[in-house]
Amino acid sequence: MNLRVLERDDIDFLAECFNNMYFWGEYSNPVFEQTSKSGLMQNFDNPPNIAISIEWKKFIVQKKDGNRMGFVWHFINQPYGVMEIGCFFVPSERGKGYGAEATQLMVDYLFLSKNIGRIQACTNVRNKTAQKVLEKAGLKIEGTIRKLLFVRGAWTDYHLYSILREEWKEPKILTRTEKK
Ligand SMILES: CC(C)(COP(=O)(O)OP(=O)(O)OC[C@H]1O[C@@H](n2cnc3c(N)ncnc32)[C@H](O)[C@@H]1OP(=O)(O)O)[C@@H](O)C(=O)NCCC(=O)NCCS
């Protein structure tokens, strides 16, 4: 498995995922981010200057043979400037351990490359798979944000997870290269 920054060539894959109602899983809105290919292309070339897109970076998760399986992202959640991560896989590649590995990679990468004290993630309280994946990467539940999002016709509670730099301690997958 490999993580790499989203390129312009990935827009077809992104459009396919974003417009597939099964892609978002049963705990998100089926048309959460339904967007035209030209709209995604435009966003890629000229990212909108809105708070949520500040440093919003998507990474493609692919197999060794280059086949794309999904993506992970990080963004700065305003107004406190907190690093937040998220992760989605195509339905055929779920439940094979890739989600846990990609999340751990993202946590290692962020703590190794950025001067941040915490990383957080939010998940629908009913999404036990996502919660397991976050816990495997060392994130702990902080609390419940009541009626955070309107999902599939109902206001839905979300768990807020986080990991602090001191809890992470050292990379689990990526390695640190020290200067001798
Ligand atoms: C959530 C998602 C990213 C997880 O990735 P994944 O590759 O499927 O997850 P993994 O295979 O790495 O791990 C899943 C873990 O959850 C566990 N799990 C699955 N269903 C579970 C349940 N109902 N209760 C408890 N644990 C459960 C699995 O046993 C596994 O743990 P294990 O490896 O210790 O056995 C992926 O399933 C997905 O894209 N889902 C749809 C979109 C989504 O919900 N994204 C998250 C938004 S917050």
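Look up a bit, the structure's there.
Okay, so let's go over this structure. All residue numbers here refer to positions counted from 1 along the written sequence of the relevant chain. It should be noted that, the model being predicted, local features are given only for residues of pLDDT at least 70 and side-chain atom pairs only at 80 or more, the latter also being counted only at that level, while totals for whole chains, interfaces and linings use all residues. Side-chain descriptors were evaluated using all non-hydrogen atoms of the structure, hydrogens and water having been removed beforehand.

Looking now at helix α1 (residues 11-18). A 1.4 Å probe rolled over the protein chains alone gives each residue an accessible area, and that area as a share of the maximum for its type sets the label: buried under 20%, exposed over 50%, partly exposed in between. Numbering of helices and strands runs from the N terminus; a helix is a DSSP stretch of H or I covering at least four residues, while a strand is a stretch of E covering at least two. Where burial is concerned, most of α1 is hidden: six out of the eight residues are buried. Among the residues of α1, those classed as buried are I11, F13, L14, A15, C17 and F18. Taken together, the buried residues of α1 touch α2 (37-45), β2 (57-62) and β3 (68-77). Every residue pair with non-hydrogen atoms within 4.5 Å of one another is taken to be in contact.

A word on the packing of α1 against α2. Remark: α1 packs on α2, axes separated minimally by 9 Å, with the N-to-C direction vectors making an angle of 125 degrees. Comparing their axes, α2 and α1 come out oblique. Like other packed secondary-structure pairs, α1 and α2 cross with a definite hand, here right-handed. Touching I11, D12, L14, A15 and F18 of α1 are K37, L40, M41 and F44, all from α2. Only Asp, Glu, Lys and Arg are considered charged in this grouping, and only Ala, Val, Leu, Ile, Met, Phe, Trp, Tyr, Cys and Pro are considered nonpolar; every other residue, Gly among them, is considered polar. The class makeup of the residues in the contact of α1 with α2 is seven nonpolar, no polar and two charged. A fitted line through C-alpha atoms serves as each axis, taken over the contacting stretch for helices, and the angle formed by two N-to-C directions is quoted from 0 to 180°. In what follows, roughly perpendicular refers to angles from 65 to 115 degrees, roughly parallel to angles under 35, roughly antiparallel to angles over 145, and oblique to any angle outside these ranges. Left-handed describes a crossing whose near helix is turned anticlockwise from the far helix by less than a right angle; the clockwise case is right-handed.

Attention shifts here to helix α3 (residues 98-113). Residues separated by three or four positions in an α-helix point in the same direction, a consequence of the helix having 3.6 residues per turn. In this model α3 runs 22 Å from its N-terminal to its C-terminal C-alpha over 16 residues, within 8% of the 22 Å that 1.5 Å per residue would give. Within α3, the full set of buried residues consists of G99, A100, A102, T103, Q104, L105, M106, V107, D108, L110 and F111. Helix span, expected: 1.5 Å multiplied by one less than the number of residues in the helix.

Another aspect to go through is the pairing of strand β4 (residues 82-89). Summarising burial for β4: seven of the eight residues are buried, a large majority. What makes two strands pair is DSSP finding at least two bridges between them. As judged from the eight bridges shared by β3 and β4, these two strands associate in the antiparallel manner. Note on β4: the bridge partner recorded for G70 is F89. Examined bridge by bridge, β4 and strand β5 (residues 118-124) share two bridges and lie parallel to one another. Paired with E84 across the two strands is Q120, which belongs to β5. Crossovers are described as right-handed under a simple rule: with the strands pointing away from the observer, the path leading from the first strand over the helix to the second runs clockwise. As for the winding sense of the linkage, the β-α-β connection from β4 through α3 to β5 is right-handed.

Here the focus is the site of the ligand. For the ligand, the set of nearby residues contains 20 residues, the closest of which are F89, G95, G97, N127 and K136. Here a polar contact means two N or O atoms within 3.5 Å. Within protein one must be a hydrogen donor candidate and the other an acceptor candidate, and residues neighboring in sequence count only if both atoms are side-chain atoms. C87 is positioned with one of its backbone polar atoms (N or O) 3.0 Å from a nitrogen atom of the ligand. In this structure, N127 approaches the ligand through a side-chain N or O atom, which is 2.8 Å from an oxygen atom. Starting from 960 Å² of accessible surface for the ligand in isolation, the protein chains cover 69%. Taken together, the elements giving at least two residues each to the shell around the ligand come down to β4, α3, β5 and α4 (128-136). Among the elements that take part in the shell around the ligand, α4 stands out by supplying six residues, more than any other. Here the shell around the ligand is composed, by residue class, of nine nonpolar, six polar and five charged. Think of it this way: one heavy atom of a residue within 4 Å of a molecule or strand is enough to make that residue near it. Using the Shrake-Rupley algorithm and a 1.4 Å probe, accessible areas are obtained, with residue cover drawn only from the displayed protein chains.

A separate point is the pairing of β2. Successive residues of a regular strand alternate their side chains across the two faces of the sheet. Most of β2 is tucked away, with five of its six residues classed as buried. Sheet topology note: the strand β1 (residues 2-5)/β2 ladder contains four bridges and is antiparallel. Along β2, the bridge assignment pairs R4 with I60. Taken together, the six bridges between β2 and β3 define a ladder with antiparallel strand orientation. By the bridge assignment for β3, I60 is matched with F71. The turn linking β2 back onto β3 is made up of five residues, and G66 within it adopts a positive phi angle of 95 degrees.

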